[in-house]
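Single-letter residue listing:
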Amino acid sequence: MITCPNVKVNLGLNVLRKRPDGFHDLETLFVPCHGFTDTLEIVTGDDYSRTIGHLQGLPLVQAISEDGKLMITIARREGVDWDPLKDLTARAYALLAEDYTLPPMKIFLEKRSPVGAGLGGGSADAAFALRMISELAGLSLTDEVLAGYAARLGSDCAFFIYNRPMLGTGRGEVLEPYNLDLTGYRVEVFIPEGVAVSTADAYSGIVPALPQKPLREVLKQD
């Protein structure tokens, strides 16, 4: 099974207050952006990859879980500087394996979306992986159930289960569909070369504040 997880942009991001759990309450509008995608393939242990040949020539890392049930391969032009077993796709498998009997699987991920750019590429990979693992294992999990698992992996992961314009509140996991008409608009995203910002570092420098005008009112303007 092969998919191409897309990224997202935030139209408005108000950081309202710090929460007791260390996260922040916020309000934002998540919008899918298909200008950047990764390639994610997941197969059962007895199946063969259709994409591994394409990954040859790229810097890649591979790892196998301690129980031998998951093999993960990650390739990225700029190199991979994180433990593949801590990648959100591997964590998605481990999370579902806590509650369901999963067959052995192999994950092949080509990272092409920017890392550390605030576009949620890793969160998208995790959400897409949850859906793919559910289908491959015959779990038939609903979007609501998948979103619950996704929210445990990251604050914006649940959005990618639905992958349509959604108002996000709470720490970003409380979602409400939003009718956004982009007819006549062209959305372009430009990423500065060589710049990567940790989400945790970014939020640690923010002074939360209630906005003069709530995001819902701003979004009604031209």
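Whatever comes next refers back to the structure up there.
Chemist: Describe the sheet that holds strand S3 (residues 24-37), naming the residues involved and giving the relevant values.
Modeler: Read across the open sheet, the four strands follow the order S2-S3-S8-S9; overall the sheet is antiparallel. The open sheet has two edge strands with one neighbour each: strand S2 (6-18) and strand S9 (174-177). The mean inter-strand angle of the sheet, taken between neighbouring strand axes irrespective of direction, is 25°. Looking at chain direction, S2 and S3 are connected through eleven bridges and run antiparallel. Across the sheet, Asn-6 pairs through a bridge with Thr-37, a residue of S3.

Chemist: So, the pairing of S9: which residues are in play, and what are the values?
Modeler: In terms of strand pairing, strand S8 (residues 166-169) meets S9 through four bridges, oriented antiparallel. What sits directly across from Met-166, in S9, is Pro-177. The loop that links S8 with its antiparallel partner S9 comprises four residues; one of these, Gly-170, has a positive phi angle of about 65°.

Chemist: Could you give an account of the sheet that holds strand S1 (residues 2-3), with specific residues and numbers?
Modeler: Spatial strand order, S1-S4-S7-S6-S5: five strands in an open sheet with mixed pairing. The open sheet has two edge strands, S1 and strand S5 (60-64), and neither has a second partner. Alignment of strand S4 (residues 39-44) against strand S7 (residues 105-111), held across six bridges, turns out to be antiparallel. The residue bridging Leu-40 from the neighbouring strand is Leu-109, located in S7. Along the sheet, helix H3 (residues 121-136) contacts S1, S4 and S7; its crossing angle with S4, the most-contacted strand, is approximately 25°.

Conventions we followed
- Residues numbered from 1 in each chain as written.
- Predicted model: local features only at pLDDT ≥ 70, side-chain atom pairs only at ≥ 80, totals over all residues.
- Heavy atoms only, no water.
- Pairing = 2+ DSSP bridges.
- Helix = DSSP H or I, 4+ residues; strand = E, 2+ residues; numbered from the N terminus.
- Axes fitted to C-alpha atoms, helices over the stretch in contact; angles between N-to-C directions.
- Contact = heavy atoms within 4.5 Å.

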